[in-house]
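What the coordinates show
Chain by chain, the residues run as shown.
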Amino acid sequence: EPISVYNNFIVDLNSKNNEGQNLLHLACLHGRYDVVNILLKRFGSHEMDINAIDFRGRTCLDHAWTWLLSLSLNENEKNDKLKNSNISSGILFCF
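Cut-off values and rules
- Residues numbered from 1 in each chain as written.
- Predicted model: local features only at pLDDT ≥ 70, side-chain atom pairs only at ≥ 80, totals over all residues.
- Heavy atoms only, no water.
- Salt bridge = Lys/Arg side-chain N within 4 Å of Asp/Glu carboxyl O.
- Buried < 20%, exposed > 50% of the residue type's maximum accessible area, 1.4 Å probe, protein only.
- Helix = DSSP H or I, 4+ residues; strand = E, 2+ residues; numbered from the N terminus.
- Arc of directions from axis to C-beta.
- Lys, Arg positive; Asp, Glu negative; His and termini not counted.
- Polar contact = N/O pair within 3.5 Å; in protein donor to acceptor, adjacent residues only side chain to side chain.
- Contact = heavy atoms within 4.5 Å.
- pLDDT = per-residue confidence, 0-100.

Observations regarding the pattern of salt bridges
Counted according to the given criterion, the structure contains one salt bridge. When the shortest N-O distance is used, the salt bridge between D34 and R32 registers 2.6 Å.

What follows is the structure, encoded as structure tokens:
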């Protein structure tokens, strides 16, 4: 298991929760482009498994799309949220 130090915290990059999700899964699931960006730029695929699959068979990219789709049924509101989050372009760029 890759262990790294980030801002004086010891981070196990591939540790998983009880649903089999790692840090990248959770960042994508919650629309945290800033965290996704840090994880991928700082650690990248050489230190963490960016293709990991959780216990439901979902990848990080699956979770990113789930978050995008869950924003709202209202197209205007969805577009505003996407513009403010930068996750739509960021997630696709990162993967």
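A look at helix α4 (residues 60–70)
Residues of α4 that are buried: C60, H63, A64, W67 and L68. On an axial view of α4, the arc spanned by its buried residues comes to 140°, and they lie on one face. When the buried face of α4 is taken as reference, the exposed residues oriented beyond 90 degrees from it are L69 and S70.

Brief notes about the side chain of D54
Of note, D54 is situated in the loop between α3 (44–47) and α4. The side chain of D54 sits in the buried core without any salt bridge; R58 is the nearest counter-charge, 5.5 Å away. One polar contact links D54 to H63, side chain to side chain, over a distance of 2.8 Å. Each residue touching D54, except ones within four places of it in the same chain, is listed here: E19, G20, Q21, H25 and H63.

Remarks on the environment of V36
Within the secondary structure, V36 is located in helix α2 (residues 33–42). Overall, the relative accessible area of 0% leaves V36 in the buried class. As for V36 and H25, which are separated by eleven residues in sequence, their C-alpha atoms are 9.0 Å apart.

Regarding the confidence of the model for the chain
For the chain, per-residue confidence averages 78 on the pLDDT scale, and 68% of positions sit at 70 or higher. Within the chain, the lowest mean pLDDT, 51, falls on helix α6 (residues 87–94), and the highest, 92, falls on helix α1 (residues 23–29).

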